[in-house]
Amino acid sequence: MSTTATRTTTDPRQPTGADHAARRGAIGLGIVLVAQLMLVLDATVVNVALPHIQTDLGFSPAGLSWVLNAYTLAFGGLLLLGGRLGDVFGRLRTFEIGLGIFTVASLLGGLATSPAWLIAARTLQGVGAALAAPSVLALVTTSAPNDAARNRGLALFTAVSSAGASIGLLLGGVLTDLVSWHWTLFVNVPIGAVVLVLARRFVTETPRVRGRFDVVGAVTATLGSVAVVHGFISAADRGWTAPLTLASFVVGMALLALFVRTEDRVAVPLLPLALVRNRTRGGALVLMALVVGAQFSTFFFVTQYLQLVLGFSPVATGAAFLPLSLAIFATSRVSARLVAKAGPRPMLLVGTLGLTASFVWLSSISTTSTYAGHLLGALVLNGVSAALVFMPVTVVVLGGVDRTQAGTVSGLLQTAQQLGGAVGLAAIVSVYASQAVPGEFVPGVRPAFLTSATFTLVALAVAAFVLRPRPAQAVAVSSEGRRETAAVGAADGAEAS
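It should be emphasised that the depicted structure is a prediction, and the values quoted were computed from it without experimental measurement. (Residues numbered from 1 in each chain as written. Predicted model: local features only at pLDDT ≥ 70, side-chain atom pairs only at ≥ 80, totals over all residues. Heavy atoms only, no water.)

Observations regarding the confidence of the model for the protein chain
Note the threshold: Predictor confidence is given residue by residue as pLDDT, running from a minimum of 0 to a maximum of 100. Here a helix means four or more residues in a row that DSSP labels H or I, a strand means two or more in a row labelled E, and each is numbered from the N terminus. The contact rule is simple, with two residues in contact once any of their heavy atoms fall within 4.5 Å.
Looking at the protein chain as a whole, its pLDDT mean stands at 79, while 81% of the residues score no less than 70. The secondary structure element of the protein chain with the lowest average pLDDT is helix α21 (residues 483-492), at 36, and the one with the highest is helix α17 (residues 344-362), at 93. In this model residues 1-8 is a low-confidence stretch, pLDDT under 50, and it forms 1 contact with partners more than four residues away in sequence or in other chains. Here residues 471-497 scores under 50 on pLDDT; set against residues more than four positions off or in separate chains, the count is 45 contacts.

Right, here's the structure in full:
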């Protein structure tokens, strides 16, 4: 009997505790990445449906922009607070609360019968996303058992995040054509409900960090960001010298100055300034904001060009972005290995240069252009180049961060993405509006895309000169000698603040 018992317990075919833990971790990673995809694609899933929403609910042309801006502003303005809440209350709990708010808001948005109702629901979606999103990235990074697993998790996270905008356009086109625009919001409800049911079972809660909340910092950061972004949006509609535009900028800059002053004085700041005073991390955040701002113009202008000039249907418009999405996914599959072999900086140089070339290419489209001849190649180049940027810049920003601050830095990274996208798009749309001809779409496109190219050229300069390692910089290598750790250490620089 004892021999049989021993044989049973040592049977290599029996799953071990480590196998169960690995399987549970893989399922948990998949759950939070599904949530991340839902949060990211919601920024664009309604883009293709905007003409239908305008007709159905009676939006004015200017008011229609708030269907997008309400979500982006709430999302970007509250991300730092969302990261801090995750640190203090636990990232899984904060993730669940945020996702619950997002899911309920999606239901309310799908039921909207007036412009004010839909804008309020989109704002509430942004609030929920701001609470959930920083915890997603923190759960990915803190649950990895080693640096190789961490880089693989980051590669999957950046693939999902980068392609989410394109997938949102495709999904939005299908739902709008086959059902109605209401389902661009309703689709989140069953997905959110399933994730909420499974998250507690497969995702492990992170340790809490005891501390108080920086209320003044949270208020000034949020309202200041919203005011500045509103200034750029107002400039596109009313002009740079309009009283509302100038007032928005003045109030926003004053609030952000008060935020910085507050963070330098309070005992437990919302944003420890040492995190952004690090030259490498600060430069990477600027690079991220510039690139995302330029990328938003791709979706905004190409979506309209396909429908207004080439006559594409909503489904065809969404499908037209599929090559860009596939390029991002394909490149992201090898990005972790590329970071390990070459380091983040060379990838950032190649990626920002490729993005610049894609925007110059897109600036040449005209009324006689075709999708296959003038757009397809530029979109593929854009997707490959974007994937070469997003994964390594995420590694640089999160490299060397204490686990207790992972939520804060995750919120900071995504704040750079969301506010960079909102500010960048508003600035580029202002350039477009200054050259536009009433009743014609194409005239302002060339200067708009050349402005996008200028953004990515500045990002290239940041990668070349700001992220350049110093001669005396030490490279951290793990006891196992993993090259992934060496790459992260070389990129981050571990500069003392």
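So that's the structure; there's more coming.
Here we look at the packing of helix α16 (residues 322-342) against helix α18 (residues 371-398)
Geometry of a packed helix pair, given as the angle between the helix axes and the separation of the axes. Using the following cut-off: To define axes, lines are fitted to C-alpha atoms, for helices over the stretch in contact only, and angles between the resulting N-to-C directions are given on a 0 to 180 degree scale. Between 65 and 115 degrees an angle is taken as roughly perpendicular, under 35 as roughly parallel, over 145 as roughly antiparallel, and anywhere else as oblique. Handedness of a helix crossing follows the sense of rotation of the near helix relative to the far helix, less than a right angle counterclockwise being left-handed and clockwise being right-handed. Just so you know the grouping, Ala, Val, Leu, Ile, Met, Phe, Trp, Tyr, Cys and Pro go in nonpolar, Asp, Glu, Lys and Arg go in charged, and all remaining residues, Gly too, go in polar.
With their axes 8 Å apart at the nearest point, α16 and α18 run at an angle of 30° to one another. Put simply, α16 runs roughly parallel to α18. Viewed along their axes, α16 and α18 form a crossing whose handedness is right-handed. Only Tyr371, Leu376, Leu379, Val380, Asn382, Gly383, Val384, Ala387, Leu388, Met391 and Pro392 of α18 make contact with α16, whose side of the interface consists of Pro323, Leu324, Ala327, Ile328, Thr331, Ser332, Ser335, Ala336, Leu338 and Val339. Residue composition of the contact of α16 with α18, grouped by class: 16 nonpolar, 5 polar and no charged.

Focus: the packing of aromatic side chains
Put simply, the rule is: Stacked, tilted and edge-to-face pairs are distinguished by plane angle, under 30 degrees for stacked and over 60 for edge-to-face with tilted covering the rest, among Phe, Tyr and Trp rings (Trp via its six-membered ring) whose centres lie within 6.5 Å. Accessibility here uses a 1.4 Å probe with only protein chains present; expressed as a share of the type maximum, an area under 20% marks a residue as buried, one over 50% as exposed, and anything in between as partly exposed.
The final tally for this structure, using the stated rule, is 11 aromatic pairs. With 5.3 Å between their ring centres and 70° between their planes, Trp183 and Phe186 make a pair best called edge-to-face. In this pair, Trp183 and Phe186 both sit in helix α9 (residues 183-186), 3 residues apart, roughly one turn of the helix. Where Trp240 meets Phe249, the ring centres are 6.1 Å apart and the plane angle is 5°; that geometry is what we call stacked. The exposure class assigned to Trp240 is partly exposed, which follows from its relative accessible area of 43%. In this structure Phe249 comes out as buried when scored by relative accessible area, which is 18%. Clustering of aromatic rings is evident, with ring pairs tying together Phe300, Phe301, Tyr305, Phe359, Tyr432, Phe441 and Phe449.

With respect to the packing of helix α14 (residues 279-308) against helix α20 (residues 445-466)
Across the interface, α14 lies against α20 with an axial gap of 9 Å and an inter-helix angle of 160°. As the angle between them shows, α14 and α20 are arranged roughly antiparallel. Between α14 and α20 the crossing geometry is left-handed. Here α14 contributes Arg279, Gly283, Val286, Leu287, Leu290, Val291, Gly293, Ala294, Ser297, Thr298, Phe301 and Val302 to the contact with α20, which in turn contributes Ala448, Phe449, Ser452, Phe455, Thr456, Val458, Ala459, Val462, Ala463 and Val466. Class assignment for the residues of the contact of α14 with α20 results in 15 nonpolar, 6 polar and 1 charged.

Topic: the nonpolar core
To keep it simple, the criterion reads: Here, nonpolar core refers to any group of buried Ala, Val, Leu, Ile, Met, Phe, Trp, Tyr and Cys residues whose side-chain atoms link them within 4.5 Å.
Within the largest apolar cluster, 106 residues are counted, with the highest numbers of intra-cluster contacts made by Phe95, Leu287, Phe301 and Phe449. Examining the composition of this core, we find that 15 residues originate from one element, α18, more than from any other.

Topic: a nonpolar patch on the surface
Threshold: Only residues whose relative accessible area exceeds 30% and that take part in no salt bridge are eligible for patches, with like-charged residues grouped when within 9 Å of each other and nonpolar side chains (Val, Leu, Ile, Met, Phe, Trp, Tyr) grouped when within 5 Å. Values of accessible area rely on a 1.4 Å probe in the Shrake-Rupley scheme; residue burial ignores everything except the protein chains shown. Salt bridges are counted wherever a side-chain nitrogen of Lys or Arg sits within 4 Å of a carboxyl oxygen of Asp or Glu.
Residues Val104, Leu107, Leu108, Leu111, Trp117 and Leu124 make up a contiguous nonpolar surface patch of about 480 Å² in total accessible area. At the level of secondary structure, the elements contributing two or more residues to the nonpolar patch comprise α6 (91-110) and α7 (115-142). Among the elements that take part in the nonpolar patch, α6 stands out by supplying 3 residues, more than any other. Looking at the element boundaries, Trp117 is found in helix α7.

Side note on the side chain of Ser106
Position of Ser106 among the secondary structure elements: in helix α6. Ser106 has contacts with Gln125, Leu185, Phe186, Asn188 and Val189, leaving out every residue within four places of it along the chain.

Digging into α18
Defined as follows: The span one expects for a helix is its residue count, reduced by one, times 1.5 Å. Side-chain atoms alone can form a polar contact between residues adjacent in sequence; in general such a contact is a pair of N or O atoms within 3.5 Å, and within protein one must be able to donate a hydrogen while the other accepts it.
Between its first and last C-alpha, α18 extends 38 Å over 28 residues, near the 40 Å set by a 1.5 Å rise per residue. Counting buried residues along α18, 20 of its 28 residues qualify, which places the element largely inside the surrounding structure. Sitting at the amino-terminal end of α18 is Thr370, which places a side-chain oxygen 3.0 Å from the backbone nitrogen of Gly373.

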